[in-house]
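Structural overview for review
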Amino acid sequence: MNRRRLGQKGPEVSAIGLGCMGMSEFYGEADEAESIAVIHHALDLGVNFLDTADQYGRGHNEELVGRAISGRRDEVVLATKFGIVRGEDPAFRGVDGSPDYVRKAADASLQRLGLDHIDLYYLHRRDPKVPIEDTVGAMGELVAAGKVGQIGLSEVSAETLRKAHATHPIAALQSEYSLFTRRLEAEILPTARELGIALVAYSPISRGLLSGKLASSDELPDDDFRKHQPRFTGENAVRNNALVAEVRKIAEEVGCTPAQLSLAWLLAQGEDVIPIPGTKRLRYLEENAAAADVTLTSAQLAAIDAAVPAGAVAGDRYANMAPLEE
């Protein structure tokens, strides 16, 4: 597995990471034993960049990841996040970026993970009530205390990224980026590159849509959050599956799967782009990891861009976008 660097001074990580969220929540029922086997096999394959967060399963995901990497800590670059606050209502999502909460959240994550330090600690969503300089300043104190190696942000604007980086060096920006989600290419990605900040791309296969294995949300169980998301339903699904069909044609010509083509396209966008596809299944882990070996020619990249131009996807990323944007 090739390596890419997290920011200018961060650690080297596998060119393709592993998102662990679905092992605990959101994508239907998961098998904990298989999830741990997936993490172990990922490390065997050289996929060393693991991504979790305190809100995934209300702490369960951190506990699971912590158990999985016990005894193999030196093989892992571990990223987790804080800032999204869950309530008793499963639908509730609040945010807290106050300095006091930064410290409390980090200590709680370390305890659940069973670690003495976090390699990369993200602010999951910006708290509009708290100046970003205050939040990042408190995160920087965690670095000084040895509890955190590098700090990152998720889903912020170019302006916020600049303010944060001026307060403390930011190693990585995690944002949704895929053939179907390219809004950050206009301003956010250029700003990250100017500042030497890596772009960690979550949902790089558009939550499975670009895999070509999901024709309709009707195929999803009721506890899969995608079942009612705009891109997976109604006329949007019809239009998006037509785009996926074009991706499949190019993938067949290249000799890979649509998911692998989507990941290879992201890798070709720059050495500072690190996709973290999520899975809880061994077969998908192997498929995703093998995408690192797919090299696309300039003609193939041009064909992909022509088949799926920026803005071609139908529907928003989420049913309610308001809490996810600045």
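The eight strands lie next to each other as β3-β4-β5-β8-β9-β10-β11-β12, forming an open sheet whose pairing is parallel. Each end of this open sheet is capped by a strand with a single partner; those strands are β3 (18–19) and β12 (273–275). Here β3 pairs with strand β4 (residues 49–51) via two bridges, running parallel. Following the sheet pairing, Leu 18 is matched in β4 by Leu 50. The strands touched by helix α8 (residues 258–267) are β11 (198–202) and β12; relative to β12, the strand with the most contacts, the crossing angle is about 160 degrees.

With that settled, consider the layout of surface pockets. Reported here for the second largest pocket is a volume of approximately 210 Å³. What lines the second largest pocket is a set of 13 residues, and nearest its centre among them are Arg 4, Leu 267, Ala 268, Ala 292 and Val 294. For the lining of the second largest pocket, the secondary structure elements donating two or more residues are β1 (3–5) and α8. Grouping the amino acids of the lining of the second largest pocket by side-chain chemistry returns seven nonpolar, three polar and three charged.

Once that is clear, we can look at helix α6 (residues 188–195). For α6, every residue scored as buried is listed here: Ile 188, Leu 189, Thr 191, Ala 192 and Leu 195. Taken down its axis, α6 places every buried residue within 160 degrees of arc, on the same side. Those residues of α6 that are buried are in contact with α5 (158–167), β10 (172–176) and β11. Gly 196, located one to two residues past α6, shows a positive phi value of around 75 degrees.

The full count for this structure, using the stated rule, is three aromatic pairs. Here Phe 82 and Tyr 101 contribute two aromatic rings whose centre-to-centre distance is 6.5 Å and whose plane-to-plane angle is 45 degrees, an arrangement assigned as tilted. Taken together, the positions of Phe 82 in strand β5 (residues 77–82) and Tyr 101 in helix α3 (residues 99–113) put the pair 19 residues apart, joining distant regions of the chain. Accessibility expressed as a relative area gives 0% for Phe 82, which makes it buried. Residue classification places Tyr 101 among the partly exposed residues on the basis of a relative accessible area of 21%. Between Tyr 177 and Trp 265, the ring centres sit 5.9 Å apart and the planes meet at 65 degrees, which makes this aromatic pair edge-to-face. Here Tyr 177, found in the loop between β10 and α6, pairs with Trp 265, found in helix α8; they are 88 residues apart in sequence, far enough to count as distant.

Conventions used here
Residues numbered from 1 in each chain as written. Predicted model: local features only at pLDDT ≥ 70, side-chain atom pairs only at ≥ 80, totals over all residues. Heavy atoms only, no water. Pairing = 2+ DSSP bridges. Helix = DSSP H or I, 4+ residues; strand = E, 2+ residues; numbered from the N terminus. Contact = heavy atoms within 4.5 Å. Axes fitted to C-alpha atoms, helices over the stretch in contact; angles between N-to-C directions. 1 Å grid on protein atoms, 1.4 Å probe; cavity = no way out; pocket = protein on both sides within 12 Å on 5 of 7 lines; lining within 4 Å. Points joined across faces, edges and corners; volume = space filled by probe spheres on them. Nonpolar A, V, L, I, M, F, W, Y, C, P; charged D, E, K, R; others polar. Buried < 20%, exposed > 50% of the residue type's maximum accessible area, 1.4 Å probe, protein only. Arc of directions from axis to C-beta. Phe/Tyr/Trp six-rings, centres within 6.5 Å; stacked < 30°, edge-to-face > 60°.

Everything listed here is a matter of geometry and, on its own, says nothing about what the molecule does.
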